Amino acid sequence: METGGEVFFPDSSIDIVPICAEIARNMRNEYTLAYVPTRARHGESYRVIEVKANEPGVEHLSVRTRAGYSVPSTTASLVTR
């Protein structure tokens, strides 16, 4: 399953500094979104999500997310609490 994450494979220790700079830049531009469905969909265990972003005057914005999420069953959510 896709998570929206990113992986880096530096070829040498010299490559680590620019990778860390890119990670820091990404973290400064990161947002967390939360969603609570208004209606329960019984029997549906996986839900597809789509996130879009726009800003007037900006031609292209990049959004990285996972493709969806699994809905725990009532029994499973009670066990983990």
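A quick note: this is a predicted structure, and the numbers were derived from the prediction, not measured.

*Asks:* Explanation requested: the overall build of the protein in the structure shown.
*Replies:* Along its length, the protein carries two helices and two strands. When the helices and strands of the protein are read in sequence order from the N terminus, they spell out α-β-β-α. The long-range share in the protein, meaning contacts at least 24 apart out of those at least 6 apart in sequence, stands at 40%. Summed over all atoms, the accessible surface of the protein reaches about 7,800 Å², with 55% contributed by carbon and sulfur.

*Asks:* Is there a simple way to explain the confidence of the model for the protein in this structure?
*Replies:* The predicted model of the protein has a mean per-residue pLDDT of 80, with 79% of residues at 70 or higher. Mean pLDDT across the elements of the protein bottoms out in helix α2 (residues 74-80) (48) and peaks in helix α1 (residues 16-28) (92).

*Asks:* Any chance you could explain the pattern of salt bridges here in plain terms?
*Replies:* Where charged atoms from two side chains of opposite charge come close, those side chains can pair. Summed over the entire model, instances satisfying the criterion amount to two salt bridges. For Glu 6, the salt bridge is made with Arg 64, and the minimal N-O distance between the two is 2.4 Å. Of the two residues, Glu 6 sits in the segment before α1 while Arg 64 sits in the loop between β1 (46-48) and β2 (68-70), which places them 58 residues apart along the sequence. Classification of Glu 6 by relative accessible area gives partly exposed; the value is 41%. Ionic pairing is found between Lys 52 and Glu 50, a salt bridge with its closest N-O pair at 3.8 Å. Take Lys 52 and Glu 50: they sit in the same class, and that class is exposed.

Rules used in this analysis
Residues numbered from 1 in each chain as written. Predicted model: local features only at pLDDT ≥ 70, side-chain atom pairs only at ≥ 80, totals over all residues. Heavy atoms only, no water. Helix = DSSP H or I, 4+ residues; strand = E, 2+ residues; numbered from the N terminus. Contact = heavy atoms within 4.5 Å. Areas by Shrake-Rupley, 256 points an atom, 1.4 Å probe, with all protein chains shown as cover. pLDDT = per-residue confidence, 0-100. Salt bridge = Lys/Arg side-chain N within 4 Å of Asp/Glu carboxyl O. Buried < 20%, exposed > 50% of the residue type's maximum accessible area, 1.4 Å probe, protein only.

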